[in-house]
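Survey of secondary and tertiary structure
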Amino acid sequence: MSTASTHAEAQAPAENKQTPGHWFKTKGWRHLVAVVASAFSIFPLLYVLSAALNPAGTMAGASTLFTEIGFGNFEALFANQERPFGRWFVNTLVIGTVTSVATVFLGALAAYAFSRMRFTGRRAGLLTLLLLQMFPQLLTVVAIFLLLNFIGDIIPALGLGSQLGLIMVYLGGALGVNTYLMYGFFNTVPISLDESARIDGASHVQVFFKIILPLVTPILAVVGLLAFIGISSEFVIASVVLTDPESQTLAVGLYSYVAQQRSENWGVFAAGAVLAAVPVMTLFLFLQRYITSGLTAGGVKG
């Protein structure tokens, strides 16, 4: 009996050993796809970084990666008084942070109401949120311009050229899809927790802040991250609302470097793009642990 078991153990490694062809067919092709996808994603980033460090300042001069390295483009970016990059950077951080926090808070309130309360028009409200997402906010640019122009005559702080007005526009466009995303996640939290808290005398406000919000932190982080990324890269609406260079965001301000046909400065533009990616990358790395659970858990129920 012991001789047979010893013989079987000796044959096991030989049987489990795979040929290169079989390994590639079962697992190896996945590694190949991952390498190709990574190279496809990383190459544009390397190209922009090479253009930012290239003193030539043209896209043609950056055709070969990292042939010349210098920081002249970054110095020119901050030295231009007519194009205040530092001010644009701060404006983007302020608008993105305020809008993201407000989007998360208001979306969480709406999602809690749809998930936990039963009222007339609840189903119609959810369907309306879905239908509104079929029409991109880009289609409302003319209406937004006319509306802010009219509101600016009454309340100048919300009119054209106002960052507060732009924040209000962003909030109106972001609440629909984010509310529905949070609604699916809120439904995964057992309603028995709410009932137990209310038996102990807790109100809806206490249940929301002390019980529900700590349990749905992943989706709050995901919504905040997506909102910040979208606002940081948004150009069309920001270019219509923000007319003063001092109040513009990075996306609008950097476009001025390449807007005119005979005065493009792609090197400075690339340098600004590299710096503009730093806040988004930092926030992404900080919230990375919440992303997977926040995007998948909401599809379990609801």
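Description of the structure in this document. Chains are numbered independently. Their residues run from 1 in the order of the written sequence. Only residues with pLDDT of at least 70 are given local features in this predicted model, and only at 80 or more are side-chain atom pairs given and counted; all residues enter the totals for whole chains, interfaces and linings. With hydrogens and water set aside, each side-chain value is computed from the structure's full complement of heavy atoms.

1. As for the packing of aromatic side chains
Stated formally: Whether two aromatic rings pair depends on their centres lying within 6.5 Å, for rings of Phe, Tyr and Trp, where Trp uses its six-membered ring; planes under 30 degrees apart make the pair stacked, over 60 edge-to-face, and the rest tilted. Only protein chains enter the accessibility calculation, which uses a 1.4 Å probe. A residue is then buried if its area is under 20% of the maximum for its type, exposed if over 50%, and partly exposed in between. By definition here, charges over rings are those cases where NZ of Lys or CZ of Arg is within 6 Å of the ring centre and within 35 degrees of the ring normal.
Summed over all chains, the structure comprises 11 aromatic pairs. Judged by centre distance (5.2 Å) and plane angle (85°), the rings of Phe78 and Phe85 are edge-to-face. For Phe85, a relative accessible area of 3% corresponds to the buried category. Counting every residue linked through ring pairs, the aromatic cluster contains Phe105, Tyr112, Phe208 and Phe209. The ring of Tyr257 has Arg83 lying over it, and the distance from NZ or CZ to the ring centre is 4.6 Å.

2. Comments concerning the environment of Ala227
Filter applied, for reference: Put simply, DSSP marks the helices as runs of H or I at least four residues long and the strands as runs of E at least two long, and each gets a number from the N terminus on.
As for its placement among the helices and strands, Ala227 is situated in helix H10 (residues 217-233). Here Ala227 falls in the buried class, since its relative accessible area comes to 11%. Residues Ala227 and Thr103, spaced 124 residues apart in sequence, show a C-alpha to C-alpha distance of 7.6 Å.

3. Let's talk about a nonpolar patch on the surface
Put simply, the test is: Surface patches are drawn from residues lacking salt bridges whose relative accessible area is over 30%; two like charges belong together within 9 Å, two nonpolar side chains (Val, Leu, Ile, Met, Phe, Trp, Tyr) within 5 Å. Surface accessibility follows the Shrake-Rupley procedure with a 1.4 Å probe radius. Residue values consider only the protein chains on display as shielding. The term salt bridge refers to a pairing of a side-chain nitrogen on Lys or Arg with a carboxyl oxygen on Asp or Glu at a separation within 4 Å.
A cluster of nonpolar side chains, namely Ile42, Leu46, Leu49, Phe66 and Ile69, defines an oily patch on the protein surface of about 400 Å² accessible area. Along the chain, Ile42 falls in helix H2 (residues 20-53). On the accessibility criterion, Ile42 (42% relative accessible area) is partly exposed.

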